[in-house]
Amino acid sequence: MAQSGTDAQRDTWTSNRGFILAAIGSAVGLGNIWRFPGVAYESGGGAFLIPYLIALITAGIPILFLDYGIGHRFRGSAPLALRRLHRRAEGIGWFQTMLLFIISIYYAAVIAWSMSFFYFSFGTKWGSDTQNFFLNDYLHAADPGISSELVAGVAWPLALVWVLIIIVLATGISGGVEKVNVIGIPLLVLGFGALVIRALTLPGATDGLNALFTPDWGALTDLDVWIAAYSQIFFSMSIAFGIMIAYASFQRRKANMTSSGLVVGFANSSFEILAGIGVFSALGFLAHQQGVAVDQLEGLTGPILSFVTFPAVISQMPGSALFGALFFGSLVIAGFTSLVSLVVGVSVALQEKFGLSQRTAAVSVGVVCAAFSFGLFATTTGLVALDTVDMFANNVGVVTSAIVMCVTVVWLARRGELLRLHLNTVSTFKLGRWWIPLVGVFAPVFLTVMLVQKLRELIVDGYEGYPDWYIGVFGWGTVVLAVVVAAGLALTGWKGRDDPAFVAWPPLEGAKR
Ligand code: PFF
């Protein structure tokens, strides 16, 4: 299956709705619920919405279109599609595939924690000291290092996550991946919608919203705030990771690509803002209960927000079990549909390269990912490893991927205009000529400034005070590993069908400009 470029053999989404829901499923994930609210709060509150929306319009949507164009025109996962775009570009696809692999192995661990906390919600099993519960009782968290001590409470749900992922992937794109999203996304919108409505009716909710949305205009002159906005957009929209290339390649030839892209982009950002509203209303309630101001609360970002602060909110509420179940249930569903996309990206890439069957690729990739996921993130050092790998994969890895991809497509392969015409031929929302300088000049220049600043910061200050050797292995090591493996795979001969005759598209001469 799915080894050649012809549609007869390629697994495809059964409808445009299936594609849109799957793309939203990939985009809406842990990033929306646990990352966005805290990042917005720390980076200027209401004023953050300005860099955020600018990042969405100047880089998010244009690069999403670039991913769609590459995947839909060249009909393959990132390595195959980029190889067809330009012989020497395959390695970029493998670098992106490595990022997917790296993110999937820690992302799965967070879904496992969410499953446990879903269960703990019934009876608020975390007690009154939620920080102690999460770090000590649940994770048995140790200092940065390498540990072989598995944490049973994490390992069991993690095993379940990987078994489910293997089943979904082995069932195929239309059979498994699409169904999970068609069921999961409406369920998520209902469940999370109910949570937000409940949160808004809690005493103190307005204080939380004021804390989140009161603009700090001074933040707009801070380069770090802009960097935070662009990084959030990339991770959140799942762009420049290769996965949107693969998802677009499963779209039928007659498909309205750019209009779907707009729906996906705006749906993702709307969910993100909705999550901000829900989370901060609940934090306002917590502050109200404790008789403090919202800015005196601690732990408003990342894992601590979801697994320490939120349980404290839940404990304070009447009807806590339902609220807890809605919150952690939403994390599980949002996370799972994103994890499916991460692993699909890896599996399809290897399937095409080595001419494997869908099932063989799904099972072997699932088993290898699971092994790394257990070894690194289900042990007592999992939390620190996750924090470090996440930081480097997203702030260094994906930004590099985006820069190299934009420059290669527009300047080295000179395929920008072809992709623009292609997208315009199949879509109703037409891309003007402005799209090429946006992806070819503005985005790479801005992203390079951002990358240099981030690298300087990491080299000078390190990260979170973790020891140098640790940052070397888990931080820089992650990026170096991705580059080395990508180069190795790109240099390995293509074993599956590369089908140079696949380009069955009609010529684009008559296309609307
Ligand atoms: N977009 C997902 C989130 O916001 O949590 C994470 C993600 C999924 C990133 C898939 C990259 C990816 F390819």
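What counts, and at which threshold
Residues numbered from 1 in each chain as written. Predicted model: local features only at pLDDT ≥ 70, side-chain atom pairs only at ≥ 80, totals over all residues. Heavy atoms only, no water. Helix = DSSP H or I, 4+ residues; strand = E, 2+ residues; numbered from the N terminus. Rg over C-alpha atoms; globule rule 2.2 N^0.38 Å. Buried < 20%, exposed > 50% of the residue type's maximum accessible area, 1.4 Å probe, protein only. Contact = heavy atoms within 4.5 Å. Areas by Shrake-Rupley, 256 points an atom, 1.4 Å probe, with all protein chains shown as cover. Lys, Arg positive; Asp, Glu negative; His and termini not counted. Charge placed at Lys NZ, Arg CZ, Asp CG, Glu CD. Core = buried A, V, L, I, M, F, W, Y, C linked by side-chain atoms within 4.5 Å. Polar contact = N/O pair within 3.5 Å; in protein donor to acceptor, adjacent residues only side chain to side chain. Expected span 1.5 Å × (residues − 1). Arc of directions from axis to C-beta. Near = heavy atom within 4 Å. Phe/Tyr/Trp six-rings, centres within 6.5 Å; stacked < 30°, edge-to-face > 60°. Lys NZ or Arg CZ within 6 Å of the ring centre and 35° of its normal. Axes fitted to C-alpha atoms, helices over the stretch in contact; angles between N-to-C directions. Parallel < 35°, antiparallel > 145°, perpendicular 65-115°, else oblique. Left-handed = near helix turned anticlockwise from the far one by under 90°. Nonpolar A, V, L, I, M, F, W, Y, C, P; charged D, E, K, R; others polar. Salt bridge = Lys/Arg side-chain N within 4 Å of Asp/Glu carboxyl O.

Scanning the chain from N- to C-terminus turns up 19 helices and zero strands. Against the globule reference of 24 Å for 513 residues, the chain gives a C-alpha radius of gyration of 22 Å, in line with a compact fold. Once the C-alpha set of the chain is aligned to its principal axes, its extents read approximately 70 × 45 × 45 Å. The buried share of the chain, reckoned over its 513 residues, is 62%. Once local pairs closer than 6 in sequence are excluded, the contacts in the chain between residues at least 24 apart make up 85%. With the model as given, the accessible surface of the chain reaches about 18400 Å², and the carbon-plus-sulfur share is 66%. Each charge sign in the chain was given a centre, from 28 positive and 28 negative side chains, and these centres are 20 Å apart.

This part is about the nonpolar core. Formed by 181 residues in total, the largest nonpolar core has its most connected members in Tyr68, Ile70, Trp113, Tyr247 and Leu339. Sort the elements by how many residues they give to this core and helix α5 (residues 90-121) lands first, with 21 residues. Contacts of Tyr68, omitting those with residues within four sequence positions, involve Phe19, Ala23, Arg73, Met244, Ala248, Met257, Gly261, Val264 and Leu423.

The topology assignment puts Arg35 in helix α2 (residues 30-42). For Arg35, a relative accessible area of 18% gives the class buried. Considering only alpha carbons, one finds Arg35 and Pro303, 268 residues apart in sequence, at a separation of 8.6 Å. Within the structure, Arg35 has its side chain in polar contact with the side chain of Asp390 (distance 3.2 Å).

Between the first and last C-alpha of helix α15 (residues 358-377) there are 27 Å, a value that for 20 residues agrees with the 28 Å anticipated at 1.5 Å per step. Buried within α15 we find Gln358, Ala361, Ala362, Val365, Gly366, Cys369, Ala370, Ser373 and Phe377. Buried residues of α15, seen end-on, are gathered within an arc of 145 degrees and therefore sit on one face of the element. At its buried positions, α15 is contacted by α5, α7 (152-170), α8 (173-200), α14 (320-354) and α16 (382-412).

A few words now on the environment of Thr12. Note on placement: Thr12 falls in the segment before α1 (16-27). Residues Thr12 and Ser249, spaced 237 residues apart in sequence, show a C-alpha to C-alpha distance of 8.1 Å. Contact partners of Thr12, with chain neighbours within four places excluded, come to Ser174, Phe250 and Arg252.

All right, on to the site of the ligand then. In the vicinity of the ligand there are 16 residues, among which Ala27, Gly31, Tyr107, Phe235 and Ile243 approach most closely. Note that a nitrogen atom of the ligand is positioned 3.1 Å from one of the side-chain N or O atoms of Ser238. Isolated, the ligand exposes 340 Å² of accessible area, and the fraction of that covered by the protein chains is 100%. At the level of elements, α1, α2, α5, α10 (223-237) and α14 are the ones that each hand at least two residues to the shell around the ligand.

Take the packing of aromatic side chains next. Scanning the model with the defined rule gives 39 aromatic pairs in all. Judged by centre distance (6.4 Å) and plane angle (50 degrees), the ring pair of Trp13 and Phe19 falls under tilted. Relative accessible area serves as the criterion here: at 1%, Trp13 is assigned to the buried category. For the pair Phe392 and Trp476, a centre-to-centre distance of 4.9 Å together with 75 degrees between the ring planes defines the contact as edge-to-face. Here Trp476 lies in helix α19 (residues 468-491) and Phe392 lies in helix α16, a separation of 84 residues in the sequence. It is Arg35 that lies over the ring of Phe235; its NZ or CZ is 4.2 Å from the centre. Above the ring of Tyr119, the side-chain terminus of Lys125 is found at 4.9 Å from the ring centroid.

On to the packing of α7 against α14, then. It is the contact of α7 with α14, at a shortest axis distance of 10 Å, that shows an interaxial angle of 60 degrees. Regarding the angle of α7 to α14, the classification is oblique. Regarding α7 and α14, the two cross each other, and that crossing is right-handed. On the side of α7, the interface is formed by Val161, Trp162, Leu164, Ile165, Val168 and Leu169, while α14 contributes Phe336, Leu339, Val340, Val343, Val344 and Ser347. In the contact of α7 with α14, the residues fall into eleven nonpolar, one polar and no charged.

Another point: the pattern of salt bridges. Overall, the coordinates contain five salt bridges when judged by the stated rule. We note a salt bridge from Lys353 to Glu90, for which the minimum N-O separation is 2.7 Å. With Lys353 in helix α14 and Glu90 in helix α5, this residue pair connects regions lying 263 residues apart in the sequence. When sorted by exposure, Lys353 lands in the same class as Glu90, which is buried. Measuring nitrogen to oxygen at the nearest pair gives 3.0 Å for the salt bridge that ties Arg420 to Glu417.

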